[in-house]
Each structure stands twice: as structure tokens, then as C-alpha cells.
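A closer look at the structure
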Amino acid sequence: YTQAKALVFSKYGEPEDVLKVHTHSISPSIPSSSVLVRSLAAPINPADINTIQGTYGAKPAFTSLIGTSEPSVVPGNEGVFEVVSSGEPSSSLKKGDWVLPAIGQFGTWRTHAVDDASKFIKVNKEGLTPTQVATVSVNPCTAYKILRSYGPNAGPKAGLGMKPLEVGSGQWFIQNGANSGVGRSAIQFGKLWGLRSINVIRDRDTPEATEALKKELQDLGADVVVTESQFLSREWRDQLAEITRKGREHIGLGLNCVGGKSATAIARSLGEDGTLVSYGGMARQPVSLPVGLLIFKDIRFVGFWLSRWNERDPQGRKHMIDDILNIIREGKFRDVPIQEVKWDWETEEETLRNAVQQGLQGFRKGKGVLVF
Ligand code: NDP
């Protein structure tokens, strides 16, 4: 028997109040179509915390599959596992393979899992670390998909369709939350694909710290980095005119991670026919949209949800993940800063709970990643 542990919750609430460690044992005789996997690494993403709080767009299923006394959910949407054994020798998954969940809300915050082989996708682990593979399928994929699929409104002749930014064109996009995992990925893909980016970050507590962060993002490939205070000030209009050569260079795409005033300012920075893609709401403030932008500039406002794309196009998702892992392997993509949270047999429940609770806090040194 394999001794296993999982973080679980049986009711919605703050992670520090509702998360528990559940210990169980896994029988060596697993169904023939299944595999037993052990966790290598699993990040703590903002959406995981929203899921525990009960505020996320997709509600998880509460079950007693791992023998909890009350129906529970194992949180964690993302992570990488290593195959320990397969239910049948002919399985396409072999001992030592690295796999990612093929489905959303798999429940990655656990030491082991048994599930149908079809619930996993195999990745080529060559030259990659567990944390690189564990963090590929949410943040980098979001940036990749948005930059590849969205762009300015192509007008009535195109059935009001969108024209993605053109690779190698030097076209501009603008984003807030530029220091987030998604933001850092967008900077790097943008650079790699010959696009230019304007990046909004929140002011740090000292000018030196702000400069250091600006420099860090510039080193990743950011063309322009501005602080939120600069961005929300009256002077921004003139600064923007300078960047875009008095608007001759249109900004066709905006990425909104934050909401509130910041999102409105992103919308105002867009050129005619531009599209604002909202994918996150970190400030928890609604977005207000000046009607003039809709009427006179025909700005388009759309939302993005990776889970929906993944469900509709699992093949495309696999292709994208392989492509990004190749880019990482070639050394063309720098890892987002992470803070490893070691999880071994002795790790206290409280340590894990606290690590999760901190996952929504701002001004952190890096994303928390559970490392097994
Ligand atoms: P990270 O944990 O990597 O970063 C969080 C970011 O949010 C940091 O840049 C932080 O800024 C910023 N932030 C935190 N609190 C606030 C606040 N009160 N106001 C403004 N900014 C704040 O996040 P991810 O990249 O993993 O995710 C970012 C957002 O994108 C989340 O809302 C997430 O749910 C969403 N997302 C959505 C997806 C989708 O499919 N729609 C997919 C992936 C992510 P600072 O550095 O200044 O602290």
C-alpha cells in the first residue's frame, strides 16, 4: 500500500480556516486503465484560492473518493506528476514518465493520485525541472493564447472579427499586472514574436525597489515599463503620445489582469479598433467603460478564460504546451520567480495552509509552488 496525503476542503471559506490534510492509503491493485502517480510540484495560483473561497467561475465536485469523512475537494488546478505504476503493462504511460492533468480542477495538491490514464497528458521532461513543467499550463498558456488569438477589431467587412497581432510586426500591446506570472510570460512571448509591450506595474515601497522591478521586466524584453501612479496621472496621455509617435503606431491590444481604474486607463490607451481582453480581476473592482471609447473608437471589450479554450480544443492545448516547453528548453524563456514550499511526510498542516493563504497577497517575491 502507498501512504498518501492530500489537502482537502469540505466547505468553502478562507484557506487557513477550511483546508485540512487528509491521510489515506492507496491499494497496489489499481484498475487496468488507471495509473498511480506521485506529485513532483504544484503551484498555488490565484484561481485555486478563489476556488476554495467559493468565488471561482467553475465549482468543483465534492466527493468521498479518497475516503474523507465528509465529501471534499482536493484543490489545485495545475502541477506535474511522475508515473509510479500503470494498471496494465501496455499502457501508454510508463513508470518515470512526467504527466500533467488533462482536465481542469484535477486536484494537484496531494502527494499521490490514482486516475484513468486518459486524465493525463505526457510531456517530454528532457532538460526541464519539475517546477518549470508544473507552472507551464496556466500562466504561460494564458499569455500565449491571448497574444496569438486576439488583436484589433478587423471591422464590418471582416464580420467584425479580430485580427491577431502579426508576428514580427513590432505592433504594440499594453498590459497591467505586468509582474504577474501571466504578465511576465506575455512580455517574453511578445519579445520572442517581434511585438512591443507597454507594461504597468504597481509602485513598490521605495523608488529603488520600483527601479529594480522595472529593470527586471526590461531584461525579460519589456519595451516600456510604467508604474501605476505614472499611468493613472494626467501626464500619461503625453507620454503615451510620445511612445506611439502621436498615435501613428496604434496599440491594438490590451491585457487586463487587474480591473478598476487601471483597466479603464488601459482602455483609454488603446488606439482605434483596439481590443481589451480581461483575464483577471486582482483589484476586485468592476471595470467602468467610457461610452465614447465604444462609440468613437470602436474599442472591443472581451473576456478570456483558459479553461474554456482547453475544453474546446484539447489538441490545441497539447500542441501549445509542447511548444512552450520547447521554448523553455531552448533557454528562451525565463522562469517566473517562485517560492518553494517543501511538502514531505513531516510537513505540518499549518505550514501548507499558510502557504496557500498567502497566495493572493500582493508584493510577493514569487508564486508559491508546492515541491514534493
Ligand atoms: P500571480 O500570482 O503570478 O501574480 C499576481 C499579480 O497580481 C501580481 O502581479 C500582483 O502585483 C497583482 N496584484 C495582487 N493584488 C493586487 C491588487 N490588489 N491590485 C492590483 N494588482 C494586484 O498571478 P497569475 O499570473 O497567476 O494570475 C494573475 C491573474 O490572472 C489572476 O487574477 C488569475 O486568476 C488570472 N488568470 C486568469 C486566467 C484565465 O483564464 N482567465 C488564467 C490565468 C490567470 P504585484 O506584483 O504588484 O504584487
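Structure first, text after, so check above.
Scoring rules and cut-offs
- Residues numbered from 1 in each chain as written.
- Predicted model: local features only at pLDDT ≥ 70, side-chain atom pairs only at ≥ 80, totals over all residues.
- Heavy atoms only, no water.
- Buried < 20%, exposed > 50% of the residue type's maximum accessible area, 1.4 Å probe, protein only.
- Helix = DSSP H or I, 4+ residues; strand = E, 2+ residues; numbered from the N terminus.
- Contact = heavy atoms within 4.5 Å.
- Salt bridge = Lys/Arg side-chain N within 4 Å of Asp/Glu carboxyl O.
- Patch = residues over 30% accessible without salt bridge, like charges linked within 9 Å, V, L, I, M, F, W, Y side chains within 5 Å.
- Areas by Shrake-Rupley, 256 points an atom, 1.4 Å probe, with all protein chains shown as cover.
- Disulfide = S-S within 2.5 Å.
- Near = heavy atom within 4 Å.
- Polar contact = N/O pair within 3.5 Å; in protein donor to acceptor, adjacent residues only side chain to side chain.
- Phe/Tyr/Trp six-rings, centres within 6.5 Å; stacked < 30°, edge-to-face > 60°.
- Lys NZ or Arg CZ within 6 Å of the ring centre and 35° of its normal.

1. Some words on helix H2 (residues 46-53)
Among the 8 residues of H2, 6 are classified as buried, and the element is accordingly described as predominantly covered. Buried within H2 are the following residues: Asp-48, Ile-49, Asn-50, Thr-51, Ile-52 and Gln-53. Looking at the buried side of H2, the elements it contacts are helix H1 (15-18), strand S3 (34-43) and helix H13 (349-357). In the segment just after H2, Gly-54 is the residue with positive phi, at about 85°.

2. What about the pattern of salt bridges?
All told, the structure shown has 11 salt bridges when counted by the stated rule. Put simply, Lys-119 and Asp-115 hold a salt bridge, and the shortest N to O gap is 3.0 Å. Under the relative-accessibility criterion, Lys-119 is labelled partly exposed at 27%. Via salt bridges that share partners, Arg-196, Arg-245 and Glu-249 belong to a single interconnected network.

3. Quick word on the environment of Ala-241
Residue placement: Ala-241 occurs in helix H8 (residues 236-243). As for Ala-241 and Asp-205, which are separated by 36 residues in sequence, their C-alpha atoms are 28 Å apart. Once you skip the residues sitting within four places of it in the chain, Ala-241 turns out to touch Lys-246 and Gly-247.

4. Some thoughts on a nonpolar patch on the surface
Among the surface-exposed residues, Val-287, Leu-289, Val-291, Leu-294, Ile-295 and Phe-296 lie close enough to one another that they form a single nonpolar patch of about 560 Å² accessible area. Turning to its location among the elements, Val-287 is positioned in the loop between strand S12 (275-278) and helix H10 (291-296). The class of Val-287 is partly exposed, set by a relative accessible area of 35%.

5. Here we look at the state of the cysteines
On inspection of all chains with the given rule, the structure shows 0 disulfides. Unpaired in terms of disulfides, Cys-257 finds its nearest cysteine sulfur in Cys-141, a separation of 16 Å. Overall, Cys-257 belongs to the buried group, its relative accessible area being 7%.

6. Quick notes on the site of the ligand
As a structural note, the neighbourhood of the ligand is formed by 25 residues, with Asn-179, Arg-204, Leu-306, Phe-363 and Lys-367 the closest of them. One of the backbone nitrogen or oxygen atoms of Val-182 is found 3.0 Å away from an oxygen atom of the ligand. Here an oxygen atom of the ligand and a backbone polar atom of Leu-306 are 2.7 Å apart. For the ligand, the protein covers 87% of the area, taking 920 Å² as the surface of the free molecule.

7. Some thoughts on the packing of aromatic side chains
The full count for this structure, using the stated rule, is 16 aromatic pairs. Judged by centre distance (5.5 Å) and plane angle (85°), the rings of Tyr-12 and Phe-62 are edge-to-face. Here Tyr-12 is found in the loop between strand S1 (2-8) and H1, whereas its partner Phe-62 is found in the loop between H2 and strand S4 (80-86), with 50 residues between them in sequence. Residue Tyr-12 is classed as partly exposed on the basis of its relative accessible area, which comes to 31%. Given a relative accessible area of 31%, Phe-62 falls into the partly exposed group. For the ring pair Phe-189 and Trp-193, a centre distance of 5.1 Å and an interplane angle of 10° mean the geometry is stacked. As far as burial versus exposure is concerned, Phe-189 and Trp-193 are alike and both buried. The ring of Tyr-144 is capped by Arg-148, whose NZ or CZ atom sits 5.4 Å from the centre of that ring. Between Arg-148 and the ring centre of Trp-193, over which it is positioned, the NZ or CZ distance is 4.1 Å.

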